[in-house]
Amino acid sequence: TVDRPEATVEDQLLLTVVIEGSRGAEPSLPEIPEFDVYPRGQSTQMSCINGRMSSSVTYNYLLVPKTPGVFQIGAVTTEIDGRVLSSQPFQLRILEASAQPQQQRDLFITSRVSTTNPFVGQQVIYIWRFYRRVRFGDARLEPLEFQGFVVEDLGEVREYQTAVGGVEYLVSEIRKALFPQEVGSFVIPASRLTCEVLVRDSRRRRSLMDDFFGSGSTETKVLRSDAIDVEVRPLPAPPKGFSGLVGSFDIEASMSKRHLEVGESATLRLTVSGTGNVQMINEPELAELPSFKVYGDQPERSINRSGRSLTGSRSFSKALVPLEPGEWILPSVEIVYFDPVDASFQTDRTEEIALTVIPG
């Protein structure tokens, strides 16, 4: 038997198999590829009627639907004393979770992305949300899969309240920055969250004590979001100087001192910052400076994952030592990046820096 013939993909069904006449026989379930099947224990009963002993063993299984549809569940079999016994097949009807409007549901999950048609390397924001207006426990979110993407977490889980269709919900939100690495079609699989939900007896009047102590039974819910199709576009033919930056970036330059003597050291600092694939920030190319000795230093990196998107910067320091006096100009330094909003390559450059060098 099954506890109900119809459910949604968010529900679990209880399959009960009772074998009478033998305590040693075990059931053999049919193939049920449309469901995940989990054993949930067994129990034995003994009875004596008119001096005759009889026994039965009850086996319980949870059926977790994977997809909506109408499914024929085959016979369960067992062997007792050389005889094969079979149960009757039965039919299950599994509905889409969306068969019930969201504002009428006590809890549901959603997932979406900022764009389904990004360029290679473009930052795509993945937003996962868990809405609920009932008490729940033992929530288990299966690992999210993002094949074909580099993934960066954006902060901790956010908690807030919002209204959907005039109904107030408490929301847990997860954000991730995804960076597609290849051109082509990709699928972000549906997410799945399992939790226990408090169910109260609707025939009994609720009281303040019910709300305080949470009296009532629980049932297991399996919530699913929709899968997301993503079509990744190639970048146009890049110009000279493009190093792979996709997003919005700028570069700044500063000099520790602009008046110095021959042989005296001053530090040139170049900082590239922006929003996008900041992991790809490389050292900008500095023009030849034949009148200076140039010494490099270790770059400094800063990545901010706590905002609504991934931002960051990288600073490069150069020690410049003039070899001869004079009035010198440090040429501007530039970076080339691809702006996915305008779908074009952009160039940002620093201002020229004037230096005065006197004899040592």
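Structure report, in brief.

What counts and how
Residues numbered from 1 in each chain as written. Predicted model: local features only at pLDDT ≥ 70, side-chain atom pairs only at ≥ 80, totals over all residues. Heavy atoms only, no water. Helix = DSSP H or I, 4+ residues; strand = E, 2+ residues; numbered from the N terminus. Rg over C-alpha atoms; globule rule 2.2 N^0.38 Å. Buried < 20%, exposed > 50% of the residue type's maximum accessible area, 1.4 Å probe, protein only. Contact = heavy atoms within 4.5 Å. Pairing = 2+ DSSP bridges. Axes fitted to C-alpha atoms, helices over the stretch in contact; angles between N-to-C directions. 1 Å grid on protein atoms, 1.4 Å probe; cavity = no way out; pocket = protein on both sides within 12 Å on 5 of 7 lines; lining within 4 Å. Points joined across faces, edges and corners; volume = space filled by probe spheres on them. Salt bridge = Lys/Arg side-chain N within 4 Å of Asp/Glu carboxyl O. Core = buried A, V, L, I, M, F, W, Y, C linked by side-chain atoms within 4.5 Å. Polar contact = N/O pair within 3.5 Å; in protein donor to acceptor, adjacent residues only side chain to side chain. Phe/Tyr/Trp six-rings, centres within 6.5 Å; stacked < 30°, edge-to-face > 60°.

Some words on the overall build of the protein
Link 1 in the chain: Helix and strand counts for the protein come out as one helix and 28 strands.
Link 2 in the chain: Radius of gyration (C-alpha) of the protein: 33 Å, far over the 21 Å computed for a compact globule of 360 residues.
Link 3 in the chain: C-alpha atoms of the protein, sized along the principal axes, occupy 120 × 55 × 35 Å.
Link 4 in the chain: Per-residue burial for the protein yields a buried fraction of 39% across its 360 residues.
Link 5 in the chain: Across the protein, the fraction of contacts at a sequence separation of at least 24, relative to all contacts at a separation of at least 6, is 71%.

Things to note about the sheet that holds strand β25 (residues 326–330)
Link 1 in the chain: Strand order in the open sheet made by the three strands is β20-β28-β25, with mixed pairing throughout. Bordering the open sheet on either side are β20 (259–261) and β25, each of which pairs with just one other strand. For this sheet, the mean inter-axis angle between neighbouring strands, taken without regard to orientation, is 30 degrees.
Link 2 in the chain: Direction of pairing for β25 relative to strand β28 (residues 353–358): antiparallel, over a ladder of five bridges.

Topic: the sheet that holds strand β16 (residues 192–199)
Link 1 in the chain: Taken in spatial order, the three strands make up an open sheet running β11-β16-β17, and their pairing is antiparallel. Edge strands, defined here as strands with exactly one partner in the open sheet, are β11 (136–141) and β17 (217–224). Neighbouring strand axes in the sheet, compared pairwise and without regard to direction, differ in orientation by 15 degrees on average.

Regarding empty space enclosed by the protein
Link 1 in the chain: Throughout the structure, instances matching the rule amount to one cavity of 30 Å³ or more.
Link 2 in the chain: In this model, the largest cavity occupies a volume close to 40 Å³.
Link 3 in the chain: Lining the largest cavity are Ala-253, Leu-268, Leu-270, Leu-286, Leu-330, Pro-331, Val-333, Thr-350, Glu-351 and Ile-353.

Here's the deal with the pattern of salt bridges
Link 1 in the chain: Evaluated as defined, the whole model comprises 18 salt bridges.
Link 2 in the chain: Close ionic contact of Glu-300 with Arg-269 constitutes a salt bridge, the shortest N to O distance being 2.9 Å. With Glu-300 in strand β23 (residues 300–304) and Arg-269 in strand β21 (residues 266–276), the pair connects residues that are 31 residues apart, well separated along the chain.

Observations concerning the pairing of strand β9 (residues 107–113)
Link 1 in the chain: Among the seven residues in β9, five count as buried, and that is most of the element.
Link 2 in the chain: Where β9 and strand β10 (residues 124–132) come together, seven bridges link them in antiparallel fashion. For Ile-109, the partnering residue across the bridge sits in β10 and is Phe-130.

Side note on unusual backbone geometry
Link 1 in the chain: The phi torsion at Asp-138 lies on the positive side, around 50 degrees, for a residue other than glycine.
Link 2 in the chain: Its location among the elements puts Asp-138 in strand β11.
Link 3 in the chain: Positive phi is not limited to glycine here, since Ala-343 has a value of about 55 degrees.
Link 4 in the chain: Summarising the element assignment, Ala-343 is placed in the loop between β26 (334–339) and β27 (344–349).

Here's the deal with the pairing of strand β18 (residues 228–232)
Link 1 in the chain: Of the two faces of β18, the one holding Ile-228, Val-230 and Val-232 is buried and the one holding Asp-229 and Glu-231 is not buried anywhere.
Link 2 in the chain: With five bridges joining them, strand β15 (residues 184–188) and β18 adopt antiparallel strand pairing. Within β18, the position partnered with Ser-185 by the bridge is Glu-231.

Some details on the nonpolar core
Link 1 in the chain: Formed by 28 residues in total, the largest nonpolar core has its most connected members in Phe-249, Met-255, Leu-268, Ile-281, Leu-320 and Leu-330.
Link 2 in the chain: Ignoring anything within four residues of it in the chain, the contact list for Leu-320 reads Met-255, Glu-264, Ser-265, Ala-266, Leu-268, Leu-289, Phe-292, Lys-293, Val-294 and Leu-330.
Link 3 in the chain: In this structure, Ala-25, Val-76, Phe-90 and Ala-97 belong to the second largest nonpolar core, which totals 21 residues.

Description of the side chain of Asp-36
Link 1 in the chain: Here Asp-36 shows up in strand β3 (residues 35–49).
Link 2 in the chain: Within polar-contact distance, the side chain of Asp-36 engages the side chain of Arg-192 at 3.1 Å.
Link 3 in the chain: Setting aside chain neighbours within four positions, we find Asp-36 in contact with Leu-62, Leu-63, Val-64, Lys-66 and Arg-192.

Thoughts on the environment of Arg-4
Link 1 in the chain: When you line up the elements, Arg-4 lands in the segment before β1 (6–8).
Link 2 in the chain: Separated by eleven residues in the primary sequence, Arg-4 and Leu-15 place their C-alpha atoms 9.2 Å from one another.
Link 3 in the chain: A polar side-chain atom of Arg-4 sits 2.9 Å from the main-chain carbonyl oxygen of Gln-12.

Observations regarding the packing of aromatic side chains
Link 1 in the chain: Applying the stated criterion across every chain, the model contains 13 aromatic pairs.
Link 2 in the chain: With a centroid separation of 5.2 Å and an interplanar angle of 75 degrees, the aromatic rings of Phe-130 and Phe-136 are classed as edge-to-face.
Link 3 in the chain: Here Tyr-131 and Tyr-169 contribute two aromatic rings whose centre-to-centre distance is 6.1 Å and whose plane-to-plane angle is 90 degrees, an arrangement assigned as edge-to-face. In this pair, Tyr-131 is assigned in strand β10 and Tyr-169 in strand β14 (residues 167–180), connecting sequence segments 38 residues apart.
Link 4 in the chain: Through a chain of ring-to-ring contacts, the aromatic side chains of Phe-119, Phe-242, Phe-338 and Phe-345 assemble into a single cluster.

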